[in-house]
Amino acid sequence: MATFLLELRCEEIPANALPGARHQLVELTTRQLAEIGLDRATVTALSTSRRLALVVTDLPERQADRTEQVMGPPARVAFAADGTPTKAAEGFAA
């Protein structure tokens, strides 16, 4: 298992805003990790008046493989009559 540390330095944060900032940091990070399948990780936020820190523990060394199917534009829109890609196909490929 791996540990991730993120430290944000900033201007002085008022003391009464620190609990809310820590809570938001944990909440948003936990949600994002769950969306990519890393919901077993433990997220902790720490703070001082000039720093916010995020510690994520129990991260796997490697994320599990997954398959995604992404639908592009229909062939009639993606290719011109001569078979060359249209802007829609190029935009999707980008």
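Residues numbered from 1 in each chain as written. Predicted model: local features only at pLDDT ≥ 70, side-chain atom pairs only at ≥ 80, totals over all residues. Heavy atoms only, no water.

## Concerning the overall build of the protein
Within the protein, the secondary structure is distributed over three helices and three strands. Secondary structure elements in the protein, listed N-terminal to C-terminal, are β-α-β-β-α-α. Over its C-alpha atoms, taken along the principal directions, the protein stretches across nearly 65 × 30 × 15 Å. Within the protein, buried positions represent 19% of all 94 residues. Look at the contacts in the protein between residues 6 or more apart in sequence, and 54% of them connect residues 24 or more apart. A total of about 7400 Å² of accessible surface is found on the protein, and carbon and sulfur atoms cover 54% of it. Averaging the coordinates of the 10 positive side-chain charges in the protein and doing the same for the 12 negative ones gives two points 3 Å apart. (Helix = DSSP H or I, 4+ residues; strand = E, 2+ residues; numbered from the N terminus. Buried < 20%, exposed > 50% of the residue type's maximum accessible area, 1.4 Å probe, protein only. Contact = heavy atoms within 4.5 Å. Areas by Shrake-Rupley, 256 points an atom, 1.4 Å probe, with all protein chains shown as cover. Lys, Arg positive; Asp, Glu negative; His and termini not counted. Charge placed at Lys NZ, Arg CZ, Asp CG, Glu CD.)

## Observations regarding the sheet that holds strand E1 (residues 2-9)
The strand order across the open sheet built from three strands is E1-E3-E2, with neighbouring strands paired in antiparallel fashion. In this open sheet, the two strands that pair with only one neighbour each are E1 and strand E2 (42-47). The sheet shows a mean angle of 15° between the axes of neighbouring strands, taken without regard to direction. Across six bridges, the pairing between E2 and strand E3 (residues 51-59) is antiparallel. In the strand pairing of E3, Ser-47 is matched with Leu-52. Contacts between helix H1 (residues 18-35) and the sheet are confined to E2 and E3, with E2 contributing the most and set at about 155° to the helix. (Pairing = 2+ DSSP bridges. Axes fitted to C-alpha atoms, helices over the stretch in contact; angles between N-to-C directions.)

## Brief notes about the nonpolar core
Counting residues in each nonpolar core, the largest one holds 13 residues, and the members touching the most others are Leu-33, Leu-52 and Val-56. For this core, the elements supplying multiple residues, two or more each, are H1, E2 and E3. Sequence-distant contacts of Leu-52, that is, excluding residues within four places in its chain, are made with Leu-6, Glu-7, Leu-8, Ile-13, Leu-18, Ala-21, Arg-22, Leu-25, Leu-46 and Ser-47. (Core = buried A, V, L, I, M, F, W, Y, C linked by side-chain atoms within 4.5 Å.)

## Topic: the pairing of E3
Looking at chain direction, E1 and E3 are connected through seven bridges and run antiparallel. If you follow Leu-5 over to E3, its bridge partner there is Val-55. The hairpin turn running from E2 into E3, its antiparallel successor, is three residues long.

## With respect to the environment of Gln-24
Locating Gln-24 in the fold gives a position in helix H1. In this structure the C-alpha to C-alpha distance between Gln-24 and Ala-45, which are 21 residues apart in sequence, comes to 9.2 Å.

## Regarding a nonpolar patch on the surface
Residues Phe-4, Leu-6 and Leu-8 make up a contiguous nonpolar surface patch of about 230 Å² in total accessible area. Assignment of secondary structure puts Phe-4 in strand E1. By relative accessible area, which is 40% here, Phe-4 ends up partly exposed. (Patch = residues over 30% accessible without salt bridge, like charges linked within 9 Å, V, L, I, M, F, W, Y side chains within 5 Å. Salt bridge = Lys/Arg side-chain N within 4 Å of Asp/Glu carboxyl O.)

That is the geometry; function is a separate question.
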